[in-house]
Amino acid sequence: MVKSVRVVCAHDCPDMCSLIAHVEDGKVVRVQGDPDHPYTAGFACGKVNRDADLVNSPERITTPLKRSGPKGSGQFRPITWDDALDEIAARWKAVIAESGPLALLGYAYSAHQGLMNRGLVNGLFHALGASRLQAGTVCDTCCEVAWDTTVGPVGGADPESVVHSDLVISWGADLAATNVHFWALAETQRKQRGVKIIVIDPRRTRSAKAADLHLPIRIGTDAALALGVMHILVRDKLANRDYIAKHTLGFDKVERDILPKFTPARTAEITGLDVNDIETLAAMYGRAKAALIRLGEGMTRLTHGGQALRTVALLPGVSGHYGVEGGGALLLTAASCDLNYAAVRKPSGPATARQVNHLRLGEELLNMKDPPIRALYISANNPAVTCPEVHKVQKGLAREDLFTVVHDPFMTDTAKYADIVLPAASYLETDDLYRAYGAYWMQWGQKAAEPAGQARSNVDVAQALARRMGLTDKVFTLSPQNVAKELFKGSTGPAAKADPARLFAGEPIHIKHDWDGQPFKTPSGKLEFYSEQLARQGLSPVPDWQPDPVEAEEAATWPLRLLTAPGYFQAHTAFSGVGFLREREGRPFCILHPEDARKRGLNDGDEVRVFNGRGEIGLMLKVADEIQPGVVLVPGQRPTGEALSGTINMLCSDRYSDMGEGATYQSTWLEVGQWKPGQSGAALNFQER
Ligand SMILES: Nc1nc2c(c(=O)[nH]1)N[C@H]1C(S)=C(S)[C@@H](COP(=O)(O)OP(=O)(O)OC[C@H]3O[C@@H](n4cnc5c(=O)[nH]c(N)nc54)[C@H](O)[C@@H]3O)O[C@H]1N2
Ligand SMILES: Nc1nc2c(c(=O)[nH]1)N[C@H]1C(S)=C(S)[C@@H](COP(=O)(O)OP(=O)(O)OC[C@H]3O[C@@H](n4cnc5c(=O)[nH]c(N)nc54)[C@H](O)[C@@H]3O)O[C@H]1N2
Ligand code: SF4
Ligand SMILES: [Mo]
């Protein structure tokens, strides 16, 4: 018998699609986009169309496993859940008794976007008083802090307001890969109403190819471009003086001290763009009535990423488009969904505890003291591939005195280092409540099938471990629906108005505020061109662009700069258990411009060595002019077993971005050469600090 179950996509993606799972004899046989959901509009992306293959993958782990060989070897034997949970609880209790709870670290992140399956694992470690994960620094803390200091902790434009836009700018995002429903809606506006689309991206991405104008900006120079556009808006009297006076703070300083430096000629020199293209961009933006900027995280994963995003987010303050429906900017929306998250994430436990930065896992495993990290629980994360300084992560995970548990549906590079591996249920096998981070929708996702083998959900395992550790908080005993109800208690704003009964009945609920212009929740209540918060941190309080001295030093040593971008058929490593998608993405590769390939005597299809002072890895080479000379593009982060050797984050440093202590993958310089047969790929000059 076939039945259809309405579920919600839990992958880390701004769209949060409503999906229909077709289930035959208890097995998910097909997943498709929900035709009745306005934003999903009946289609899922190329990855999730294959989620029946993900959930039924023969590569899934089906029982708990205990290590039977050296760490990292991937040798395990099956054990029962009771034995696994008993051993974990006993080891944790011993560590806590000897070294205190800070010797324990819960390292759980975003691969299940459900509010309970994501949040309750954090809740477990919060209640235990463990070291706290400063989560998301691998991803969005830089852009989030940049937005919060400029606009405030509040959501941006509703993507569905693009039906009112007359210009769309995708700035630092390949929307055809990472935000396909917004992209589809924007393309419809173009076809039906002639709305123009501009893409600002160093790479000629799929979105860039389809756009009306593509500006192939030099990596890390977005702040200069935004300031150059402001310069032209002021010069051509296209700045909205009323809006600036009423809703912004400090534009006078920017106009006096900063804008004169960003003439079109100097902006062109810094950004590598054509002066005519900069003039066209400014004229189109300044003359539009409702221009919507989709801000991508792509421009923020480098040392001055925060300054870049903040400066671009100030542009709609100059044009006044923040005050117009269909105008403004969209980075994230989640901050406007004020549920009582603490009920799940912080049920009890000390108010503060030592923090461990998500992206510094390797460093902290090797060097943290008083107490060192002795027990680690990794859930919905694959840091042995996705964290910078992978060599350090591997070395840390290989510590014999570290007790590591990994909860994952698949035997990942990280899980291979575990002492105990627990099989995780997929989102199709769990109940959960969802709210989008790139749209204004909330929805309950119902379990479509029983978990494969003995797999158990994040919520289930967090509750089981909480019980064994003697925690008595209510959330560790409630059913998923009753935990969800806790999220509504004491919540405020539009999310609070969503009726849980309607959600549980399967209805998607739109949670947008009544629209009255972009709200600003900064200390001044205005859009802050001048930020006192940044001044206090020793950062430039006004937007500016300066070269970075450390980057300049690296650039003098290594000739090519790393460009990192999402895979079209992979999202980090979450889909690597689907054979079809692995093949569709191809063997892990890098792209060089024909000029750079020629200089090095390299050809399309060659096996190449990609290296710098941190290490070397082996990838396939594609030669294409979709990137600029001087850049090497490595799409996605792929497990070590899929490449000739290694993985890209072996070459990236764990230095912080200017805001939010975020990752700086793109502040990486390197060289590409011929791969020599027999070469193994290794850490070069890798030193422990
Ligand atoms: N070089 C470079 N590195 C990057 C980036 C980059 O742009 N360039 N981007 C960064 C970004 S934005 C991010 S968000 C990180 C992502 O990095 P990670 O958070 O490590 O994400 P994934 O590789 O997707 O790993 C998620 C893991 O969770 C597992 N999983 C899936 N569903 C569940 C579940 O329900 N329960 C449990 N327990 N496990 C589950 C998957 O099988 C997978 O192994 O990577 C970062 N790394
Ligand atoms: N298919 C797919 N979808 C995904 C993911 C995935 O891995 N694959 N990851 C998910 C996750 S965890 C996240 S956080 C989101 C992120 O999604 P987005 O916010 O869209 O950010 P990125 O994908 O990191 O942005 C990468 C783009 O930025 C461009 N870029 C790089 N450097 C610069 C620069 O200096 N300036 C400008 N203007 N552009 C630059 C790159 O060429 C690339 O096209 O996507 C989610 N969706
Ligand atoms: S577009 Fe995003 S939310 Fe929609 S199905 Fe794909 S991964 Fe899931
Ligand atoms: Mo991310």
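In this report, we go over the structure that sits alongside the text. As the structure is a computational prediction, the values presented were derived from the model and not from experiment.

### Considerations on the sheet that holds strand S19 (residues 441–445)
Phase 1 of the analysis: The three strands lie next to each other as S18-S19-S20, forming an open sheet whose pairing is antiparallel. Each of the sheet's edge strands pairs with one partner strand only, and the pair in question is strand S18 (432–435) and strand S20 (509–510).
Phase 2 of the analysis: As paired elements, S19 and S20 share two bridges and run antiparallel to each other. Within the sheet, the bridge partner assigned to methionine 442 lies in S20 and is isoleucine 509.
Phase 3 of the analysis: Set on the sheet, helix H19 (residues 480–488) makes contact with S18 and S19; between it and S19 the angle comes to about 160 degrees.

### Some remarks on the site of ligand 3
Phase 1 of the analysis: Neighbouring residues of ligand 3: Cys9, Cys13, Asp15, Met16, Cys17, Ala44, Cys45, Val48, Val180 and His181.
Phase 2 of the analysis: Within the shell around ligand 3, the residues separate by chemical class into eight nonpolar, one polar and one charged.

### Concerning the packing of aromatic side chains
Phase 1 of the analysis: Enumeration according to the criterion identifies seven aromatic pairs in this entry.
Phase 2 of the analysis: On the basis of an interplanar angle of 90 degrees and a centroid distance of 5.9 Å, the ring pair of tryptophan 558 and phenylalanine 611 is categorised as edge-to-face. Of the two residues, tryptophan 558 is situated in the loop between helix H23 (549–557) and strand S22 (560–565) and phenylalanine 611 in strand S24 (residues 607–612); the sequence distance between them amounts to 53 residues.
Phase 3 of the analysis: Residue class for phenylalanine 611 comes out buried when judged on its relative accessible area of 14%.
Phase 4 of the analysis: Members of the aromatic cluster, each reached through a chain of ring pairs, are Trp92, Phe125 and Tyr377.
Phase 5 of the analysis: Its guanidinium or amino end placed over the ring of tyrosine 568, arginine 206 lies 3.8 Å from that ring's centre, counting from NZ or CZ.
Phase 6 of the analysis: A cation over an aromatic ring shows up here: lysine 622 above the ring of phenylalanine 589, its NZ or CZ 3.8 Å from the ring centre.

### So, helix H6 (residues 180–193)
Every α-helical turn comprises 3.6 residues, leaving residues that sit three or four positions apart pointing alike.
Phase 1 of the analysis: Taking 1.5 Å of rise per residue, 14 residues should cover 20 Å, and H6 covers 19 Å from first to last C-alpha, within 8% of that figure.
Phase 2 of the analysis: Three or more residues of H6 are buried, namely Val180, His181, Phe182, Trp183, Ala186, Glu187 and Gln189.
Phase 3 of the analysis: Where H6 is buried, its residues meet strand S8 (167–171), helix H5 (175–178), strand S9 (196–200), helix H7 (206–210) and strand S12 (291–295).
Phase 4 of the analysis: One or two residues past the end of H6 sits glycine 194, with phi positive at roughly 75 degrees.

### What to know about the pattern of salt bridges
Phase 1 of the analysis: This structure, assessed with the given rule, holds 41 salt bridges.
Phase 2 of the analysis: The shortest N-O distance in the salt bridge between arginine 468 and aspartate 86 comes to 2.8 Å. Taken as a pair, arginine 468 in helix H18 (residues 458–468) and aspartate 86 in helix H2 (residues 81–99) lie far apart in primary sequence, 382 residues in all.
Phase 3 of the analysis: Classification of arginine 468 as partly exposed rests on a relative accessible area of 27%.
Phase 4 of the analysis: By relative accessible area, aspartate 86 is classed as partly exposed at 41%.
Phase 5 of the analysis: Of the charged contacts, one joins lysine 447 and glutamate 450 as a salt bridge, the two residues approaching to 3.4 Å between their closest N and O atoms.

### Section: unusual backbone geometry
Phase 1 of the analysis: Each neighbour pair has its own omega, and for aspartate 370 with proline 371 the value is -10 degrees, a cis peptide bond.
Phase 2 of the analysis: One can find proline 371 in the loop between helix H15 (361–367) and strand S15 (375–379).
Phase 3 of the analysis: Positive phi outside glycine occurs at methionine 16, with the angle close to 45 degrees.
Phase 4 of the analysis: Residue position: methionine 16 is located in the loop between strand S1 (2–8) and strand S2 (18–24).
Phase 5 of the analysis: Given the relative accessible area of 6%, methionine 16 is considered buried.
Phase 6 of the analysis: Within the chain, alanine 41 stands out as a residue other than glycine whose phi angle is a positive 55 degrees.
Phase 7 of the analysis: Inspection of the secondary structure assignment puts alanine 41 in the loop between strand S3 (27–33) and helix H1 (51–55).

### A look at the site of ligand 2
Phase 1 of the analysis: Close to ligand 2 lie 33 residues; Thr178, Asp201, Asp222, Arg301 and Gln666 are nearest.
Phase 2 of the analysis: One of the backbone nitrogen or oxygen atoms of isoleucine 200 is found 3.1 Å away from a nitrogen atom of ligand 2.
Phase 3 of the analysis: Separating a nitrogen atom of ligand 2 from a backbone N or O atom of glycine 298 is a distance of 3.2 Å.
Phase 4 of the analysis: In isolation ligand 2 has 930 Å² of accessible area, and contact with the protein removes 96% of it.
Phase 5 of the analysis: Class assignment for the residues of the shell around ligand 2 results in 15 nonpolar, ten polar and eight charged.

Each value, and the rule that gives it
- Residues numbered from 1 in each chain as written.
- Chains lettered and ligands numbered in written order.
- Predicted model: local features only at pLDDT ≥ 70, side-chain atom pairs only at ≥ 80, totals over all residues.
- Heavy atoms only, no water.
- Pairing = 2+ DSSP bridges.
- Helix = DSSP H or I, 4+ residues; strand = E, 2+ residues; numbered from the N terminus.
- Contact = heavy atoms within 4.5 Å.
- Axes fitted to C-alpha atoms, helices over the stretch in contact; angles between N-to-C directions.
- Near = heavy atom within 4 Å.
- Nonpolar A, V, L, I, M, F, W, Y, C, P; charged D, E, K, R; others polar.
- Phe/Tyr/Trp six-rings, centres within 6.5 Å; stacked < 30°, edge-to-face > 60°.
- Buried < 20%, exposed > 50% of the residue type's maximum accessible area, 1.4 Å probe, protein only.
- Lys NZ or Arg CZ within 6 Å of the ring centre and 35° of its normal.
- Expected span 1.5 Å × (residues − 1).
- Salt bridge = Lys/Arg side-chain N within 4 Å of Asp/Glu carboxyl O.
- Polar contact = N/O pair within 3.5 Å; in protein donor to acceptor, adjacent residues only side chain to side chain.
- Areas by Shrake-Rupley, 256 points an atom, 1.4 Å probe, with all protein chains shown as cover.

Remember that the coordinates give geometry; whether it matters functionally is a separate question.
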